[in-house]
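In case you want the letters, here they are:
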Amino acid sequence: MSDTDGLSIPDSVLEKLNKRGIKSSDIRLKTTADLDFYGNPSVIWVFATETKILVIPETGLQEELEFELSRIKRFRIRASVGSAYLQARVDDFFIELVRFTNALRYRFSRLIVQLDLLRQGKPVSDEYINEPHPMTCPVCGLPLQTEKATCPRCARQGPIMFRVLYLLEPYLHWVIIVLLLMFISVALNLLPPKLTQILVDEVLTTRRHVDWLVWIVVALVAAELMRALINMVVGTLTTSIGTLITFDLRKKLFTKLQGLSVDYYDQQSVGTLMTRFSSDVEAFHGFITQAGQGFLLNMFLIAGIGIMLFFLNARLAFFVLIPVPLVLFGTYFFWNKIYPMYFKFWDSQSKISRFLNTVLSGIKVVKAFAQEDKEIKRFEKMANDLKDANRRVNINVAKFNPLMAFLFSTGGLIVWYAGGKTVLANTGFTLGQLMAFLSYTGMFYAPLSQMALMSNWVSSFVTASHRIFEILDTEPQLKDAPNAIRMPRIEGHIRFEHVTFGYDPYQPIIKDVSFEIEPGRLVGIVGKSGSGKTTLVNLICRFYDVQEGAVYIDGKDIRDISSYDLRRQIGLVLQEPFLFRGSIAENISYGRPDASFKEILNAAKAANCHDFIMKLPNGYDTQLREHGSGISGGEKQRIGIARALLCDPPILILDEATSSVDTESEKKIQDALDVLCRNRTTIAIAHRLSTLRGADKIFVVDNGRIAESGTHKELLDMKGIYYRLVMMQTKLTSIETEVG
Amino acid sequence: MEEEKIEKPEVVFLKPDKIKIFRATFGTIHVMVDNNSLYRGVFAVAAFPVSNPTKYISLFYYDERDREQEIGMLEDIDDLTEQQRDLVKQALTRQYFSFEILAINSIKFAYGLLFFDVETDKGTRQFSMRWEGSRALDYAGKGKIILDIFEDRYVLKDISSLSRTEQELFLRYIYW
């Protein structure tokens, strides 16, 4: 066996290498794949020397492969369904070198990086290739919910609980008061049975102190009253602490989310994040309430009652403990059985809500395609699932409650029997003591049963805490450099230098792209859907960092520029402008909340939206609903342009700004854009090529590369992709004109 | 001016007698169409991989700009000669990969994940999935495809083929 950098090469494989004249000292890179070409689990070795790449199977049905690195133009990963291949371009087509499951895609994407370095004669490392997958914890190997997430096992309950307690710190004085009040409340709980004992033994049976009757009753009333008052105060305080912590957490979460990079949102759905804000944060509130009014109180009660039981009669107290294991085990077993049933019930509920939301919002489509009966059948199935899930939960709860009541009563019955015998035997254990004992027994099982459920609510609380701390602990992928360059006024010179980027690092969208845009120029970007146009824009805004090469603004690498200065000076007009709930004036001044009324009016006028706004009954004070519903797409777009215009950015990006509106609206938007583009660097992505006739330069993006560039006329003369696109659109326009 | 006819796009069906599928060096598959167009490094994709895995098989290649291009579609691979059929089947084997679940040893829930220990057509496997509805897809109306955290696929073709205990265990967590 040979072991260089951790992976041991078996002798059988070394032998095969030796037959090919390769010694273990020649190996620069090595790793293993887990499938052969036929999909059988196998161990297939991949080696690279200074000049060659070799594929040697240890097991599996695969032939050995050997290529000179100089013959290979490039490596890539091809994803198939459920697995992937390392491919090498040899001559003019790709050859599959090795197959692996998706679990190894990360490893092979890193192998490609190292192979490229090796071919350039740069230092390489096996450790880089065989690093743990970011979907697993580097410490304990536990799979993670998302890449590089905090490992819930390593951040187990201990630290989490400390962090939760740390959140309580600002309210520590209230917590101490709650604890003190709880002690008093428990003492008051224990008082009535003791008073009952005195009432029976001293007043009712022996009649030794008949005059005590009234005082005992007064004391009982006072104890109950005090207990009620204390419980009210404890309840108010715990709820207040819980609410304040919920408020603090929501604030922290929102601040954190605002600071995270766009790539974080690519991995998380909005729905998931909403859950963090609603149910997970609410779990904290539940925890404080439970801890205050449930867990701690129950714990003190069990301890206090236990002491009283043993104090009254130790022998009888042991009888009380007989049903305890049954109560604990029964509760635990029941909840483990019923817990997943609740999930099914909640899931059925949310499915029905989603279905209703979709079908009722799309009712016109349902009716237009005459699919009412089909939708009714789908609804019936979901309603049926909900009914079954609901029934299952309720039946189990209905079985459980009487069973627990029976277990509680057995304790009382045992005490009646054994205690009754003790009283009758005249051993000094009085009837009053028995009555008090029975009262304490009745109070003993209920908190015990609740404590048995503790593991459930603690685990759901800990899960919720993990999810919240996971967000709070997430570091933004794109951080400002420690000495980020402040650029209060950008000129607008943009340069891409050998930029390669992919949202999935295994699949580059932008491939080795270089271009330059002079300040104040209007540049068009055209290309088919998915060609990489919007990705170029995302890189200029530094929503993502390039994987290779660099993007420069005014000669500075954007990774070194303060992101606040960068984004503040880039205006973005999207295909679907995002309007917030609020007035039209607030939406226009979103990027410059300090703008004066006059500036807002001028921006709206220049963006061609002033006239329609003035026709609205509340003018600029018109309140828009979510996503600006209530006004047309063209009107929304012009508000978006007014917003960009008000910020007066030196770089303006128009991402399909006119593609989703009718021809008349397009004309108005185009007029607004002509004003907007003056005296600033403008990058316009457009499907409608007619809008780019006046551009200083047009880049044609194809399959992640700049395939052509030039003016409209130059590109037409080239008779390439642009020419074909223009011809296609001309045909379409003439058809539309004829039809129209 | 000559009136230009706008053609309705249609799927190109490859006639078995007009194509030649053959294995070339390094296990790659080449396809010759009409004896004049040669496509190298061809791979196969099924249009209905679940409901009709041997019919409507599309053949693709990468053009000089690395873009996937469809050569055309084979209506039924049974219409091909045995040798060509085997090559297409091999190409499909290379395109699709999953572990078929035959039995469930255990499923445990922890940290928001389900930890599976299963018997598959490729031996015993342990894997974990995020406990979310989107990670268990329907398969042919009676089964499920489970995507683990690495996007590897585990297919349970028919839930009713499991033992009663295994079904209960499976449906306790995968009920969507």
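Here the structure is a predicted model, which means the values were calculated and not measured. (Residues numbered from 1 in each chain as written. Chains lettered and ligands numbered in written order. Predicted model: local features only at pLDDT ≥ 70, side-chain atom pairs only at ≥ 80, totals over all residues.)

1. Here's the deal with the overall build of chain A
If you tally the helices and strands in chain A, you get 23 helices and 21 strands. Among the 740 residues that make up chain A, the fraction classed as buried is 29%. By sequence separation, contacts in chain A at least 24 residues apart represent 67% of the contacts at least 6 residues apart. (Helix = DSSP H or I, 4+ residues; strand = E, 2+ residues; numbered from the N terminus. Buried ≥ 20, exposed ≤ 12 C-beta atoms within 10 Å, placed from the backbone. Contact = placed C-beta atoms within 7 Å.)

2. Examining the overall build of chain B
Scanning chain B for helices and strands turns up two helices and 12 strands. Its helices and strands in sequence order give chain B the pattern β-β-β-β-β-β-α-β-β-β-β-β-β-α, from N to C terminus. Across the 176 residues in chain B, those meeting the buried criterion constitute 24%. Within chain B, contacts between residues at least 6 apart in sequence are counted, and of these 33% link residues at least 24 apart.

3. Structural notes on the interface of chain A and chain B
Taken together, the contact between chain A and chain B spans 28 residues of the former and 31 residues of the latter. Those elements that provide at least two residues to the side of chain A that touches chain B are strand 9 (93-101) and helix 10 (324-361) of chain A. Its residues assigned to classes, the side of chain A that touches chain B shows 14 nonpolar, nine polar and five charged. (Nonpolar A, V, L, I, M, F, W, Y, C, P; charged D, E, K, R; others polar.)

4. What to know about the sheet that holds strand 19 (residues 681-685) of chain A
Residues and elements named next belong to chain A. Across the sheet, which stays open at both edges, the six strands sit in the order 15-18-19-12-20-21 with mixed pairing between neighbours. Each end of this open sheet is capped by a strand with a single partner; those strands are strand 15 (570-573) and strand 21 (705-710). Shown here is a sheet whose adjacent strand axes are inclined to one another by a mean of 20°, direction ignored. Sheet topology note: the strand 15/strand 18 (residues 651-655) ladder contains four bridges and is parallel. Among the inter-strand pairings, Val 573 is bridged to a residue of strand 18, identified as Leu 654. Against the sheet, helix 20 (residues 633-647) engages strand 15 and strand 18, with an angle of about 175° to strand 15. (Pairing = 2+ DSSP bridges. Axes fitted to C-alpha atoms, helices over the stretch in contact; angles between N-to-C directions.)

5. Re the sheet that holds strand 2 (residues 29-33) of chain B
All names here are of chain B. Spatial strand order, 1-2-3: three strands in an open sheet with antiparallel pairing. Of all the strands in the sheet, the pair left with one neighbour each is strand 1 (19-23) and strand 3 (37-39). Recorded for the sheet is a direction-independent mean angle of 20° between the axes of neighbouring strands. Where strand 1 and strand 2 come together, five bridges link them in antiparallel fashion. Note that in strand 2 the partner of Phe 22 across the bridge is His 30. Along the sheet face, helix 1 (residues 82-95) touches strand 1 and strand 2 and points at about 65° away from the line of strand 1.

6. Some words on the packing of helix 9 (residues 314-321) of chain A against helix 12 (residues 372-424) of chain A
All names here are of chain A. It is the contact of helix 9 with helix 12, at a shortest axis distance of 8 Å, that shows an interaxial angle of 150°. Taken together, the axes of helix 9 and helix 12 are roughly antiparallel relative to one another. Where helix 9 crosses over helix 12, the handedness of that crossing is right-handed. Between helix 9 and helix 12, the residues in contact are Leu 316, Phe 319 and Val 320 and Gly 411, Ile 414, Val 415, Ala 418 and Gly 419, respectively. A breakdown of the residues in the contact of helix 9 with helix 12 according to their chemical character gives six nonpolar, two polar and no charged. (Parallel < 35°, antiparallel > 145°, perpendicular 65-115°, else oblique. Left-handed = near helix turned anticlockwise from the far one by under 90°.)

7. Description of the packing of helix 5 (residues 172-205) of chain A against helix 6 (residues 212-259) of chain A
All names here are of chain A. As a packed pair, helix 5 and helix 6 sit with axes 9 Å apart at the nearest point and diverge in direction by 160°. When the interaxial angle is binned, helix 5 and helix 6 end up roughly antiparallel. Here helix 5 and helix 6 pass one another in a crossing that is left-handed.

8. Re the confidence of the model for chain A
For any part of a model where pLDDT is low, the fine detail of the predicted coordinates should not be relied upon. Residue and element names in this part refer to chain A. This prediction gives chain A a mean pLDDT of 84; 93% of its residues lie at or above 70. Mean pLDDT across the secondary structure elements of chain A bottoms out at strand 1 (residues 2-4), with 47, and peaks at strand 5 (residues 52-57), with 95. Between residues 1-5, whose pLDDT stays under 50, and residues either more than four places distant or in other chains, the model counts 13 contacts. (pLDDT = per-residue confidence, 0-100.)

9. Concerning the environment of A:Val90
Residues and elements named next belong to chain A. In this structure, Val 90 sits in strand 8 (residues 83-90). The class of Val 90 is partly exposed, set by 19 C-beta atoms lying within 10 Å. Note: C-alpha distance between Val 90 and Leu 69 (21 residues apart in sequence) is 9.6 Å. Not counting residues up to four positions away in its chain, the partners in contact with Val 90 are Phe 67, Arg 71, Ile 72 and Ile 95.

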